[in-house]
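Listed below, chain by chain, are the residues.
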Amino acid sequence: MSSVDVINVEGNKAGSVELPDSVFDVQANIPLMHQVVVAQLAAARQGTAKAKTRGEVAGGGKKPYKQKGTGRARQGSIRAPQFTGGGVVHGPVPRDYSQRTPKKMKAAALRGALSDRAREGRVHVVEAFVSGDKPSTKAAISTLRKATESTKVLVVLSSTDELNWLSLRNEATVHLLEAGQLNTYDVLVADEVVFTKDALDEFLGVPATAEGENK
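Residues take numbers from 1 onward in each chain, read along the sequence in its written order. With pLDDT at 70 or above as the cut-off, local features in this predicted model cover only qualifying residues; side-chain atom pairs require 80 or more to be listed or tallied, and sums for whole chains, interfaces and linings still use all residues. Side-chain numbers here rest on the full set of heavy atoms in the structure, without hydrogens or water.

Looking up the chain in an unreviewed UniProt entry gives the name Large ribosomal subunit protein uL4, with the organism given as Paractinoplanes abujensis. UniProt positions are given in the numbering used here, feature names are shortened, and annotations may be inferred rather than shown by experiment. Its UniProt record, at the heading Sequence similarities (unreviewed entry), says of the chain: "Belongs to the universal ribosomal protein uL4 family." UniProt, in the comment section headed Subunit (unreviewed entry), describes the chain in these words: "Part of the 50S ribosomal subunit."

Exposure categories follow from relative accessible area, calculated using a 1.4 Å probe and restricted to protein chains: below 20% of the type maximum is buried, above 50% is exposed, and the middle band is partly exposed. Comment: elements are numbered from the N terminus, with helices defined as DSSP H or I runs of at least four residues and strands as E runs of at least two. Along helix 4 (residues 137-147), the residues classified as buried are Ala140, Ile141, Thr143, Leu144 and Ala147. Viewed end-on, helix 4 has its buried residues packed into an arc of 160°, placing them on one side of the element. What makes two residues a contact is simply this: any of their non-hydrogen atoms within 4.5 Å. Looking at the buried side of helix 4, the elements it contacts are strand 1 (2-7), strand 3 (123-126), strand 4 (153-157), helix 5 (162-168), strand 5 (174-178) and strand 6 (192-196). Note that the arc is computed from the directions linking the helix axis to the C-beta atoms.

Between the N-to-C directions of two axes lies an angle of 0 to 180 degrees, each axis being a line fitted to C-alpha atoms and, for a helix, fitted only over the stretch in contact. At their nearest, the axes of helix 2 (residues 30-43) and helix 3 (residues 103-119) sit 9 Å apart, and the two run at 115° to each other. Regarding helix 2 and helix 3, the two cross each other, and that crossing is left-handed. Facing helix 2, whose interface residues are Leu32, Met33, Gln35 and Val36, helix 3 presents Met105, Lys106, Ala108, Ala109, Gly112 and Ala113. Polar here means any residue outside two lists: the nonpolar Ala, Val, Leu, Ile, Met, Phe, Trp, Tyr, Cys and Pro, and the charged Asp, Glu, Lys and Arg; Gly therefore counts as polar. Here the contact of helix 2 with helix 3 is composed, by residue class, of 7 nonpolar, 2 polar and 1 charged. In a left-handed crossing the near helix is turned counterclockwise from the far helix by less than a right angle, and in a right-handed crossing that turn is clockwise.

When you line up the elements, asparagine 8 lands in the loop between strand 1 and strand 2 (13-19). In this structure asparagine 8 comes out as buried when scored by relative accessible area, which is 12%. In the analysis that follows, any N or O atom pair within 3.5 Å is treated as a polar contact, provided that within protein one partner can donate a hydrogen and the other can accept it, and provided that, for residues neighboring in sequence, both atoms belong to side chains. A distance of 2.8 Å separates a polar atom in the side chain of asparagine 8 from the backbone nitrogen of asparagine 12.

Whenever Lys or Arg places a side-chain nitrogen within 4 Å of a carboxyl oxygen from Asp or Glu, that contact is recorded as a salt bridge. Counted by the stated rule, this structure contains 7 salt bridges. Lysine 50 is the salt-bridge partner of glutamate 56, the closest N and O atoms lying 2.8 Å from each other. As a salt-bridge pair, lysine 197 and aspartate 201 come within 3.4 Å of each other at their nearest N and O atoms. You can see lysine 197 and its partner aspartate 201 sitting in helix 7 (residues 197-204), 4 residues apart, about one turn around the helix.

Our focus in this paragraph is the pairing of strand 2. Across the 7 residues of strand 2, 6 count as buried, placing the element largely inside the fold. Two strands make a pair as long as DSSP finds a minimum of two bridges between them. Strand direction decides the pairing type here: strand 1 and strand 2, joined by 5 bridges, are antiparallel. Each residue of the ladder has a partner; that of valine 4, found in strand 2, is valine 17. Following strand 1, the chain reverses through 5 residues before pairing antiparallel with strand 2; glycine 11 in that reversal takes a positive phi of roughly 90°.

What follows is about the layout of surface pockets. Only protein atoms enter the 1 Å grid used here. Points where a 1.4 Å probe fits but cannot escape make up a cavity, open sets with protein on both sides within 12 Å along at least five of seven lines make up a pocket, and a residue lines them when an atom lies within 4 Å of a point. Grid points are joined across faces, edges and corners, and a volume is the space filled by probe spheres set on the points. In this model, the largest pocket occupies a volume close to 220 Å³. Lining the largest pocket, in full, are Val36, Ala39, Gln40, Ala43, Ser98, Gln99, Thr101, Lys106, Leu110, Leu182, Asn183 and Thr184. Mapped onto the lining of the largest pocket, the elements with two or more residues apiece are helix 2 and helix 3. For the lining of the largest pocket, the element with the most residues is helix 2, which contributes 4 residues. Residues of the lining of the largest pocket, tallied by class, amount to 5 nonpolar, 6 polar and 1 charged.

Now for the nonpolar core. Phe24, Leu114, Leu154, Val156, Leu182, Val187 and Phe195 are the most contacted members of the largest nonpolar core, which totals 28 residues. If you tally residues by element for this core, the top one is helix 3, at 5 residues. In contact with phenylalanine 24, other than residues within four places in its own chain, are Leu19, Leu114, Ser115, Ala118, Val123, Phe195, Leu200, Phe203 and Leu204. Residues Val126, Ala140, Leu163 and Val174 belong to the second largest nonpolar core, which totals 16 residues. Nonpolar cores are built from buried Ala, Val, Leu, Ile, Met, Phe, Trp, Tyr and Cys residues. Side-chain atoms within 4.5 Å join them into one set.

What follows is about the domain arrangement of the chain. Each domain's extent was defined by an automatic or database domain assignment. Structurally, the chain comprises domain 1 (2-43 + 99-204) and domain 2 (46-96). A straight line from the C-alpha centre of domain 1 to that of domain 2 covers 52 Å.

Of all 5 residues in strand 6, 5 are buried; the element is thus mostly enclosed. Of the two faces of strand 6, both are covered, the one formed by Glu192, Val194 and Thr196 as well as the one formed by Val193 and Phe195. In terms of strand pairing, strand 4 meets strand 6 through 4 bridges, oriented parallel. Bridge pairing in strand 6 places valine 155 opposite valine 194.

Next up, the structure:
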């Protein structure tokens with residue numbers, strides 16, 4: 001079981017927490033993670049693209065010229081696919097792109113992604129990003145930069161952490177998620193993952209084991 005330092009708003013070590021091996025030190029299954037990410041991106045597609053067939057394009061009800069005697073190929077409608085302004089052959093139609101992905105596969109892929117980041121030392125834990133009860137983007141960014149200088153950071157907050165959410169929601173380099181929304185794609189697309197202590201507890205379902213907290 002590996003441990004990671006907990007950083008306070010001043011940027012100092014305020015203790016450490018253990019990251020359970022069952023979540024942060026498992027073998028990453030790359031094909032599984034790929035499948036889960038593809039399914040997640042597919043589910044986000046609107047699927048509303050639509051092209052008209054020759055039967056749906058306005059006009060073209062009249063035969064453009066007689067069948068024989070012109071020297072040209074016979075045509076029945078100016079809305080046939082070979083004409084400009086005609087219908088589209090095998091064009092897109094509204095459809096559902098979502099794929100069924102079992103929950104166990106999603107969970108295993110997420111564990112693999114988190115383990116990959118943890119093994120490279122790219123998982124961080126902070127007590128909070130701001131002190132007091134007033135949101136402050138400047139203070140929150142200052143605390144974040146003491147944990148990581150990356151410009152692609154995934155910050156995981158607890159579901160009730162409105163203060164830190166309001167403080168970080170306008171920062172372009174930060175992507176915010178609640179602990180219950182944590183997913184494989186957002187972990188992999190970010191360079192660093194930063195949990196608040198409460199968010200880590202919520203994600204694990206039990207309070208993270210703390211060591212040597214400095215009062």
